[in-house]
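Letter by letter, the chains look like this.
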Amino acid sequence: MDKKFVISSLVYGILGMVLGNMMAASHNHGQMVTHAHILLVGFVVSFIYGLCHKLWLDGINKTLATIQFYLHQLGALGMFTGLYLLYGGIVAPEKIEPLLASSSIAVLVAGILMLVMFCKTPTPHSSSQ
């Protein structure tokens, strides 16, 4: 799961940078909120989840980890799409709000699942304390 999260993180990082470059080149910064969400929720949070899996979450419930991964990915993609459509003036706020709300809830639930997995993982005992 760690590698899946890091790969998705790097993809989001590239997408966020491409959007940032497009805004800079066009001198239109209307997608700044979308850009920030792609980089924070997509790049940073996914990378942190990848680190958590690599460093601490070995031997966890694979089904729960898979659900958490896909819930985060689907929520993030829905969020980024909705924000792009909203801030691009492509879709009216009242029409895109259900997608943004459900996507935000999915990302939140994925975060709660990560906390649950992290708390359920036994702390390794260290002889040097």
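Structure: above.
Below, the structure is looked at part by part.

About the cut-offs
Residues numbered from 1 in each chain as written. Predicted model: local features only at pLDDT ≥ 70, side-chain atom pairs only at ≥ 80, totals over all residues. Heavy atoms only, no water. Patch = residues over 30% accessible without salt bridge, like charges linked within 9 Å, V, L, I, M, F, W, Y side chains within 5 Å. Areas by Shrake-Rupley, 256 points an atom, 1.4 Å probe, with all protein chains shown as cover. Salt bridge = Lys/Arg side-chain N within 4 Å of Asp/Glu carboxyl O. Helix = DSSP H or I, 4+ residues; strand = E, 2+ residues; numbered from the N terminus. Expected span 1.5 Å × (residues − 1). Buried < 20%, exposed > 50% of the residue type's maximum accessible area, 1.4 Å probe, protein only. Contact = heavy atoms within 4.5 Å. Axes fitted to C-alpha atoms, helices over the stretch in contact; angles between N-to-C directions. Parallel < 35°, antiparallel > 145°, perpendicular 65-115°, else oblique. Nonpolar A, V, L, I, M, F, W, Y, C, P; charged D, E, K, R; others polar.

Some details on a nonpolar patch on the surface
On the surface, a cluster of nonpolar side chains totalling about 590 Å² of accessible area is made up of Ile14, Met17, Val18, Met22, Tyr84 and Ile90. The dominant element in the nonpolar patch, judged by the number of residues it contributes, is helix α1 (residues 2-26), at four residues. Along the chain, methionine 17 falls in helix α1.

Digging into helix α4 (residues 93-120)
Since the α-helix turns once every 3.6 residues, residues separated by three or four places project in the same direction. For α4, built from 28 residues, the straight-helix expectation of 40 Å at 1.5 Å per residue is met to within 8% by its first-to-last C-alpha distance of 40 Å. Every buried residue of α4 is listed here: Ile96, Leu100, Ser103, Ala106, Val107, Ala110, Leu113, Met114 and Met117. Buried positions along α4 lie against α2 (32-55) and α3 (62-87).

Brief notes about the packing of α2 against α3
In the contact formed by α2 and α3, the axes pass within 9 Å of each other and the chain directions differ by 170°. In terms of orientation, α2 and α3 fall into the roughly antiparallel class. The residues of α3 that touch α2, namely those facing Val33, Thr34, His37, Ile38, Val41, Gly42, Val45, Ser46, Tyr49 and His53, are Ala65, Gln68, His72, Gln73, Ala76, Met79, Phe80, Leu83, Tyr84 and Tyr87. Per-class residue counts for the contact of α2 with α3 are twelve nonpolar, eight polar and no charged.

Some thoughts on unusual backbone geometry
Despite not being glycine, histidine 27 shows a phi value in the positive range, around 60°. Here histidine 27 shows up in the loop between α1 and α2. With relative accessibility at 68%, the residue histidine 27 sits in the exposed group.

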